[in-house]
Amino acid sequence: SQTIHQWPATLVQPVGSPLSLECTVEGTSNPNLYWYRQAAGRGLQLLFYSVGIGQISSEVPQNLSASRPQDRQFILSSKKLLLSDSGFYLCAWRLGRSGNEQFFGPGTRLTVL
Amino acid sequence: AQSVTQPDIHITVSEGASLELRCNYSYGATPYLFWYVQSPGQGLQLLLKYFSGDTLVQGIKGFEAEFKRSQSSFNLRKPSVHWSDAAEYFCAVVPSGGSYIPTFGRGTSLIVHP
């Protein structure tokens, strides 16, 4: 069966510090991968998605970036965090066939102070 | 671009009462439709989905949803709510062609009173 992991589970970082969140998927190959941010009471905002290694599409311009160095690894990064980067970050995957649902990881709670 | 509206931010029901969560979408064609549930501090779990065919779909945990094309709606229902159903519920829409870019509603928080 497939599983998705995210780490760390929680993170407290000072403003201006770098960020690296990791997401890995097991039990499938060539998944489509997604990064979302969820702010309190504001639903899910799609940040990045990837259909293959090295292929990243950005939905929202900001100081975050994403990379996919391996087929089942998706990394969210920032060189300098802002207060507004605080939130709950969710990674998701799906198979590349039309209509399949997304499967979500447990999330990372990021607090920028 | 498609949009999703969940008009109720919070809904409070008594345990054992029936439930209906509303979802309306805006899209030029019939999209793929989903309902997800999120417990506090956790990821989202799929409750049910609609792609085509029978407009009444059954999901996990006793939930069902009905697609109404004329109303551009996909409302979630449950005949008898349990205390464990207290959570955040999200409706999502995906275009039926092109890139798989989901649009999520802002969510409805369900509170269940004993």
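Right above here is the structure, for reference.
Residues numbered from 1 in each chain as written. Chains lettered and ligands numbered in written order. Predicted model: local features only at pLDDT ≥ 70, side-chain atom pairs only at ≥ 80, totals over all residues. Heavy atoms only, no water.

J.: Looking at this structure, how should I read the pattern of salt bridges?
T.: One side chain can pair with another of opposite charge once the charged atoms of both are near each other. Here the structure, examined in full by the defined rule, presents seven salt bridges over all chains. In this structure, the salt-bridge partner of E101(A) is K49(B), at a minimum N-O distance of 2.6 Å. Here E101(A) is found in the loop between β9 (87–94) and β10 (103–104), whereas its partner K49(B) is found in strand β6 (residues 44–50) on a different chain. The partner of R77(B) in a salt bridge is E64(B), with the nearest N and O atoms 3.2 Å apart. With R77(B) in strand β9 (residues 73–78) and E64(B) in strand β8 (residues 64–68), this residue pair connects regions lying 13 residues apart in the sequence. (Salt bridge = Lys/Arg side-chain N within 4 Å of Asp/Glu carboxyl O. Helix = DSSP H or I, 4+ residues; strand = E, 2+ residues; numbered from the N terminus.)

J.: What am I meant to see in the environment of E88(B) here?
T.: Residues and elements named next belong to chain B. Along the chain, E88 turns up in strand β10 (residues 87–94). In sequence terms E88 and S39 are 49 residues apart; their C-alpha atoms lie 6.4 Å from each other. Not counting residues within four places of it along the chain, the set of residues in contact with E88 comprises Y36, V37, Q38, R106, G107, T108 and S109. (Contact = heavy atoms within 4.5 Å.)

J.: Please explain the state of the cysteines as it appears in this structure.
T.: Defined simply, a disulfide is a covalent bond joining two cysteines at their sulfur atoms. As enumerated under the stated definition, the model contains two disulfides over all chains in all. Each disulfide pairs two cysteine sulfurs, and for C23(A) the partner residue is C91(A), the sulfurs being separated by 2.0 Å. Residues C23(A) and C91(A) are joined by a disulfide whose S-S torsion is about -75°; by sign, that bridge is left-handed. One end of the pair, C23(A), is in strand β3 (residues 19–26); the other, C91(A), is in strand β9, with 68 residues separating them in the sequence. Taken as a pair, C23(A) and C91(A) share a single burial class, namely buried. Covalent S-S linkage joins C23(B) and C91(B), the inter-sulfur distance amounting to 1.9 Å. Looking down the S-S bond of the C23(B) and C91(B) bridge, the torsion is -65°, so its handedness is left-handed. Here C91(B) lies in strand β10 and C23(B) lies in the loop between β3 (19–21) and β4 (24–26), a separation of 68 residues in the sequence. Judged by its relative accessible area of 0%, C23(B) is buried. (Disulfide = S-S within 2.5 Å. Buried < 20%, exposed > 50% of the residue type's maximum accessible area, 1.4 Å probe, protein only.)

J.: Could you clarify how one ought to interpret the sheet that holds strand β1 (residues 3–7) of chain A in this entry?
T.: As a general point, the strands of a sheet are linked pairwise by backbone hydrogen bonds and lie either parallel or antiparallel. All names here are of chain A. Spatially, the four strands line up as an open sheet ordered β1-β3-β8-β7, and their pairing is antiparallel. Edge positions in the sheet fall to β1 and β7 (64–70), since each has one partner strand and no second. Put simply, the sheet's adjacent strands are angled 20° from each other on average, direction ignored. Bridge count between β3 and strand β8 (residues 73–78): six bridges; the pairing is antiparallel. Within β8, the position partnered with E22 by the bridge is I75. (Pairing = 2+ DSSP bridges. Axes fitted to C-alpha atoms, helices over the stretch in contact; angles between N-to-C directions.)

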